[in-house]
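# Commentary on secondary and tertiary structure
Residue-level listing of the chains:
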Amino acid sequence: MGEQVRATLRGLLHVLPAPGAHRVALRAGISVLVPLLAVLAAGRPGWTTYAVFGAFTSLYGRNHVHLSRAAMQASAGAALTGSVVLGVLVGALPSRVWVAVPVAAAVAVLGAVLATAQDWHPPGPLFLVFAFGAVASAPHVVSDVPVAAALAGLSALFSLLVGNVSSVLRRQRSRPARLAHVRSWQPVRYALAVVFAGSAATAVGIGHPYWAMVAAIAPLSAEGVTAQLVRAAHRILGTLLGLLTSAVLLAPALSPYATVLVVAVLQIVTELLVGRNYGLALLFITPMALLMGQLAVARPPGQLLYDRGVETVIGAGVGGLVVLWEPWLRARIGAGGRER
């Protein structure tokens, strides 16, 4: 245990190389900027949530090229669009707050299976749960479904085009997709993390309980116990420090167009850093998430900062406990050596 703690502490400050991050960052920034500007130009700031989650398609396949990246982004974009639509449907229910927790767990399970089977990068269902939870947290009507599906789908398609045009022009060779076997315990731990974190945050009445769910599953996609514990610690420490940068950016009450430009810049910086040190990237992920929410529905900054901090501690704490509990879980469900 002592060695595990020392390894985790060393990992907190470790900075990894991230070759090609500038290309990923530029694609991500463009993919977020253009759909959000289009929504604002249409006079519909409330639709920005639909568009931005479709734009997250650009984050997938950073280490792949041409058809391999296109295939991965196509499947991720379709899954993100489906998560947005499901969020609208749950958001239309009168009891959406509590219904969202088990549905988010189902999204996590299905997303984990799909991500593992298709070897997604970034791995895991984090962005699917984020998309579903953010959309479901706001009230909707069923008639919002066509708009949500169209905006998320078109934004995903635009991201796919941006992410692959350079590969086509440069005629890069495809890297074959690698199909992987899904270990039976992987989806279970994602579901448990979502249920425990989401239930705790909802029960205590904190706003945005999906932040706790996202923070809970964030550590689980890393490889190895040490990396997972480092990711959980990064999530807490990086977010708490990121609240300072968030306070600075929220204070001026930027106009919608200025906010979109800042969000695009934060997305670029995030992609430059996330592969190097996750905790450092959270200094920019945190204000980006808060500013995106402000585009759709403005809320008092002080309450947002408090909610984000508390829910991240709850969620990442749950995620860390699931990591430590995993050996017992794997033995309990018959995983380990009997996995195929």
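Residues numbered from 1 in each chain as written. Predicted model: local features only at pLDDT ≥ 70, side-chain atom pairs only at ≥ 80, totals over all residues. Heavy atoms only, no water.

### With respect to the confidence of the model for the protein
Spelled out, the test is: In predicted models, pLDDT denotes the confidence assigned by the predictor to each residue on a 0 to 100 scale. In what follows, residue pairs with any heavy atoms lying within 4.5 Å of each other are defined as contacts.
Of the residues in the protein, 86% reach a pLDDT of 70 or more, and the chain-wide mean stands at 88. In the predicted structure, residues 335–340 sits below a pLDDT of 50 and forms 8 contacts with residues beyond four places in sequence or in another chain.

### Looking at the nonpolar core
In plain terms, the rule: Side-chain atoms within 4.5 Å are what join buried Ala, Val, Leu, Ile, Met, Phe, Trp, Tyr and Cys residues into a set we call a nonpolar core. The classification of residues rests on relative accessible area computed with a 1.4 Å probe and restricted to protein chains. Under 20% of the type maximum is buried, over 50% is exposed, and intermediate values are partly exposed. For helices the rule is a DSSP run of H or I covering at least 4 residues; for strands it is a run of E covering at least 2, with both sets numbered from the N terminus onward.
Residues Leu36, Phe53, Phe56, Val84, Trp120, Phe127 and Phe130 are the most contacted members of the largest nonpolar core, which totals 79 residues. The element best represented in this core is helix α6 (residues 126–136), accounting for 10 residues. The residues touching Phe130, leaving out its near neighbours within four places in the chain, are Phe53, Phe56, Tyr210 and Val214.

### Topic: the layout of surface pockets
This is how it is decided: Both cavities and pockets are sets of points on a 1 Å grid over the protein atoms alone; in a cavity a 1.4 Å probe fits but cannot get out, in a pocket the set is open with protein on both sides within 12 Å along at least five of seven lines, and lining residues sit with an atom within 4 Å of a point. Grid points are joined across faces, edges and corners, and a volume is the space filled by probe spheres set on the points. Note on residue categories: nonpolar means Ala, Val, Leu, Ile, Met, Phe, Trp, Tyr, Cys or Pro, charged means Asp, Glu, Lys or Arg, and polar means any other residue, Gly included.
Estimated volume of the second largest pocket: approximately 410 Å³. Lining the second largest pocket we find 28 residues, and of these Thr49, Ala134, Met292, Gly293 and Ala296 sit closest to its centre. Of all the elements in the fold, those that place two or more residues in the lining of the second largest pocket are α3 (48–55), α6, α9 (209–217) and α12 (278–296). In terms of residue count, α12 provides more of the lining of the second largest pocket than any other element does, 7 residues in total. For the lining of the second largest pocket, the per-class residue count stands at 19 nonpolar, 8 polar and 1 charged.

### A word on the environment of Leu151
Along the chain, Leu151 turns up in helix α7 (residues 145–170). For Leu151, a relative accessible area of 19% puts it in the buried group. Between the C-alpha atom of Leu151 and that of Phe53, which follows or precedes it by 98 residues, the distance is 9.4 Å. Residues contacting Leu151, with those up to four places away along its chain left out, are Val39, Trp47, Tyr50 and Ala51.

### Looking at the environment of Leu126
Structurally, Leu126 can be placed in helix α6. Sequence-wise, Leu126 and Leu220 are 94 residues apart; in three dimensions their C-alpha atoms are separated by 9.4 Å.

### Remarks on the packing of helix α10 (residues 225–250) against α12
Going by this rule: Working convention: axes come from line fits to C-alpha atoms, limited for helices to the stretch in contact. Angles between N-to-C directions cover 0 to 180 degrees. Working definition: roughly parallel below 35 degrees, roughly antiparallel above 145 degrees, roughly perpendicular at 65 to 115 degrees, and oblique for all remaining angles. The crossing is said to be left-handed when, going from far helix to near helix, the turn is anticlockwise and less than a right angle, and right-handed when the turn is clockwise.
One way to put it is that α10 packs onto α12 with a least axis distance of 6 Å and a crossing angle of 50°. Here α10 lies oblique to α12, going by the angle between them. Like other packed secondary-structure pairs, α10 and α12 cross with a definite hand, here right-handed. Here α10 contributes Arg231, His234, Arg235, Gly238, Thr239, Leu241, Gly242, Leu243, Thr245, Ser246, Leu249 and Leu250 to the contact with α12, which in turn contributes Tyr278, Gly279, Leu282, Leu283, Thr286, Pro287, Leu290, Leu291 and Gln294.

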